[in-house]
Amino acid sequence: MLKFTLKSLLSRKLRLVLSGLAVLLAVMFVSGSMVIKDTLNRSIDAQFAGAHDDIDLHVALKPRVKSAASDDVSVVPPLDRATVDRVARVSGVAGASGLVRAEGARVIGKDGKVVPGTGGPRYGESWRERSELTTLRSGHEPRTDAEVAINAGLAEKAGLKVGDRVGVLTNEPKRTFVVVGVFGFSDDRDSIGGEQTVAFTEPVAQRLMLGRTGGYSGVRATLAPGASVADVQSSLARELGPRYDVLTGKQLAEKESDESRGILDMMGTLLLGFAGVSVFVGIFLIVNTFSIIIAQRMRELALLRALGASRKQMIGSVLVESFVVGLVSSALGLAAGIGVGAVGADMLASSTDGLQVAALGVPAGAVVVSFAVGILVTMLAALFPAVRASKVAPIAVIRAGATQQGRHRKQTWAGAVLLGLGVLLLGLGLFGADGASMVIVGVLLAFIGVSLLTPLISKPSVEVLGALFARGAPGALGRRNSARNPRRTAITASAMMIGVALVTAISTVAASAEDSVTQDINRDLKADLVALGDAGSAASATIDPAALARVAEVPGVRSVAAATLDTAKSGKGSQPVAAWQDWTKAREVLGLRTADGTIETLAPRTVLMNESTAKSRDAEVGDRITLQFQRGEARTYRVAGVFADSTLSNGVVVPWTDAEAGFRSKQPSQAYFQLADGADESKARARIDALLKDSPEVTVKTRGEVIEMFSGAFATMLAVVQGLLGVAMLIAVLGIVNTLALSILERTREMGMLRAIGLSRGQTVRMIMTESVVISLFGALLGLVVGSVLGLAVARAMEDQGISRLALPWGQLLAYLIGAVVVGVIASLAPARRGARLNVLAAISHG
């Protein structure tokens, strides 16, 4: 039986190659993402290796707040001189010295803009004696308060050299310095992990980076000869208590390395998402392929049964075939994934200056997962048609031929149950708490349920769609061919359906969010001009307060409302917070509406919040909440009022004086300008731009440009969605090609007869193309319906996240339909070419 199975396998090379391509793509994405992540992780580890070998032990206070925003920086609480002396007195410590090193020093380039980041942090530090790890490459160390030294990677990125003047933004407004030195790191590295470092004199670093003189971000402890690192580390931890981190130089390097992996984790998750889509969609292709192959081999399998083969042997024969397909496809997919991983790692590393890619490695997990996914998915997909075929009586097959079809009542019931269960889980996940996993499982079950129910509507649906192309005999034949086997058509269309449904759902959520943002801004924003940072630096951008004071005196400017944003700790979680210099102006310029209590004023020791924040915190007017800001001790406030949700103001609003004392920066991060009636907007904008030239992180925008900025985030999300659609459509093309190729082989004699009675080659091509387009269009239409319903449901459930209106992206939906037609045409080319070239006499005598 095994020998027969292998011969049968080799006799159907084309069919099995088409099946294996789906597995290959899935394994390629899985292994590629794992190779990329492993290679870049090792690259970053190599960059940070030895970064702090000159430190025996490092002592620092733990941050009071762990910032949740990707563009935000946690403030390092400063240590005083007494702590340095306290560390020095611990047994085993030979000496202790204070260090100043914190994130937040941004260099202004020659174009007047902040030098773009390269994936690493932007440090400001005090100059310290260089060691074997760092050396001056040119110039000298900073000796006066007007001098700085910068690392070579930053110097190259900004085009700076010794003697140049450079502006630097910190916790204070722009200061201008002279570059007196450029330094590098061991192993001829220009930077470590893409960081940018500006070294000041110690007093300047303390004032600009820590907000106070005489403070330190950490203490470097040098061990006495013969002292044990572990023993001294334990002694320091006991002496200082749980508020302090005591790390070795190696542990400090590992910590900084881990903090640099955010983008890698995001890319790995994205690639695994593509892999998940390709695996899920590929299952339908594999099921369909093996269903068709088994249907075409019904006579052959029936004869084997008649000759004594058992049902178990028949199922085993099909599983052996699927195992071989999975094994070969997994091996090829792994090889392709390694190639994709190598290219992807190089591309990602090139976006980070100074990051040298480590030697390409293939983690053992990638090999195991690749073969596990490829083989298991293929065998599971082939199991169901094999079991179904084994239940057919041999005599029935011999009499009826290879096109046995049943009512598949069990499949219908199973589809209904899975769809109902999926809808239930979706409801629980969308409207309950912590329902992300429920939503994912619910979506998967709903898709499977719809796919199992699709045969019920496939025949009438494709007949209606086929009517659009049924002019003439070729079109009519193509229409009938697409409807003659509803189950096969349904499974083939399911690959397209799932991809289009996923994209449509996400596009619908994005369209609803974008429409909500646009309507909210047009309704609420009363400012004529707004100074904001880009979408990726909205919270960390800074504006010089003195410049804003001058803007308020510009003729034509009626009022200026400035705000600063930050993250606070509340309970065990983080809480976005905001503060306004003048709350009355802010309330007016943002068009805020009272929901509960009073929002007219903001008294000391009181806070205001929007409705969604109040709901998530289960807070009411009169309740008390405690907030821990980045600086200082925790503060308790009374909730004075709640305002309606607004795109422009969410979270908790605290008094400005508290923000000055506790926020990361005392400088505003955004400002809103109202112009006097009749004022020339373009002239006022030019004057404001000129006054804010030393605050290059913000750009003055009109109301329309603010809407475009918010919409840009949705455009980025849709670009990722288009990638998902591309993966799904690629597999859908393979599915349709596979179905048509196998159908042509199955209908060889029929097509020979059609050619014999006058069907030309061109008409044969049109017939097959019509069948392909109808199947593709059916899958796309079904996907649009399912995806739209799912997307609208998710958008409605996200009302607390600011989605107040539902919208469908009609233009994109039309584009998806047109894309489905194109996919159908492309998928038909190879099968149509083969069908048109059939030898008429050989085809008639076939089978």
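Note that the structure is a prediction, hence the values are computed from the model and not measured.

A look at the sheet that holds strand β1 (residues 57-61)
Part 1: Taking strand neighbours across the sheet as the criterion, the 4 strands line up as β2-β11-β1-β12 in an open arrangement whose pairing is antiparallel. Looking at strand neighbours, the two that pair on one side only are β2 (93-99) and β12 (244-248), the edges of this open sheet. Sheet twist, expressed as the average angle between the axes of neighbouring strands with direction ignored, equals 20 degrees.
Part 2: Pairing geometry for β1 and strand β11 (residues 218-223), over 3 bridges, is antiparallel. If you follow V59 over to β11, its bridge partner there is V219.
Part 3: Lying over the sheet, helix α3 (residues 81-88) contacts β1, β2, β11 and β12, oriented at roughly 160 degrees with respect to β2.
Part 4: Sitting on the sheet, helix α6 (residues 229-240) is in contact with β1, β2, β11 and β12, with an inclination near 170 degrees to β12.

Looking at the packing of aromatic side chains
Part 1: All told, the structure shown has 7 aromatic pairs when counted by the stated rule.
Part 2: Put simply, the rings of W127, F183 and F185 pair up and form one aromatic cluster.
Part 3: If you follow R101 out to its NZ or CZ, it ends over the ring of Y123, 3.7 Å from the centre.
Part 4: Over the face of the ring belonging to Y637 we find R605, whose NZ or CZ atom lies 6.0 Å from the ring centre.

Overview of the side chain of T134
Part 1: Take T134: it is sitting in strand β6 (residues 134-139).
Part 2: Under the relative-accessibility criterion, T134 is labelled buried at 10%.
Part 3: The contacts of T134, once residues within four sequence positions are left out, are G184 and F185.

Considerations on the pairing of strand β9 (residues 175-185)
Part 1: Most of β9 is tucked away: 8 of the 11 residues are buried.
Part 2: One ladder, built from 5 bridges, connects strand β7 (residues 147-151) with β9; its direction is parallel. Among the inter-strand pairings, A149 is bridged to a residue of β9, identified as G181.
Part 3: Bridge analysis of strand β8 (residues 165-169) against β9 gives 4 bridges, and the strand direction is antiparallel. Within β9, the position partnered with R165 by the bridge is V178.
Part 4: A loop of 5 residues connects β8 with β9, the two strands running antiparallel in sequence.

Regarding the confidence of the model for the protein
Part 1: When the pLDDT values of the protein are averaged, the result is 83; 88% of them are 70 or greater.
Part 2: Long-range and interchain partners of residues 400-406, a stretch whose pLDDT sits below 50, account for 11 contacts in this model, where long-range means more than four residues apart.

Examining the packing of helix α15 (residues 472-483) against helix α24 (residues 761-797)
Part 1: Relative orientation of the contacting elements α15 and α24 amounts to 40 degrees, with a least axis distance of 8 Å. Taken together, the axes of α15 and α24 lie oblique to each other. Both α15 and α24 take part in a crossing whose hand is right-handed. Along the contact surface, α15 presents P474, G475, L477, G478, R479, N481 and S482, while α24 presents Q763, R766, M767, T770, E771, V774 and I775.
Part 2: A breakdown of the residues in the contact of α15 with α24 according to their chemical character gives 5 nonpolar, 6 polar and 3 charged.

Thoughts on helix α16 (residues 486-524)
Part 1: For α16, spanning 39 residues, the distance from its first C-alpha to its last is 53 Å, which sits close to the expected 57 Å at 1.5 Å a residue.
Part 2: If you look at α16, its biggest bend is around 35 degrees, right at S494.
Part 3: With 31 of 39 residues buried, α16 lies mostly within the body of the structure.

Considering unusual backbone geometry
Part 1: Backbone geometry places R605, a non-glycine residue, at a positive phi of 60 degrees.
Part 2: Summarising the element assignment, R605 is placed in the loop between β16 (594-597) and β17 (606-610).
Part 3: Look at D618: it is not a glycine, yet its phi comes out positive at around 55 degrees.
Part 4: Counting through the fold element by element, D618 comes out in the loop between α19 (611-617) and β18 (624-627).

What counts, and at which threshold
- Residues numbered from 1 in each chain as written.
- Predicted model: local features only at pLDDT ≥ 70, side-chain atom pairs only at ≥ 80, totals over all residues.
- Heavy atoms only, no water.
- Pairing = 2+ DSSP bridges.
- Helix = DSSP H or I, 4+ residues; strand = E, 2+ residues; numbered from the N terminus.
- Axes fitted to C-alpha atoms, helices over the stretch in contact; angles between N-to-C directions.
- Contact = heavy atoms within 4.5 Å.
- Phe/Tyr/Trp six-rings, centres within 6.5 Å; stacked < 30°, edge-to-face > 60°.
- Lys NZ or Arg CZ within 6 Å of the ring centre and 35° of its normal.
- Buried < 20%, exposed > 50% of the residue type's maximum accessible area, 1.4 Å probe, protein only.
- pLDDT = per-residue confidence, 0-100.
- Parallel < 35°, antiparallel > 145°, perpendicular 65-115°, else oblique.
- Left-handed = near helix turned anticlockwise from the far one by under 90°.
- Nonpolar A, V, L, I, M, F, W, Y, C, P; charged D, E, K, R; others polar.
- Expected span 1.5 Å × (residues − 1).
- Bend = angle between axes of the 7 residues up to and from the residue.

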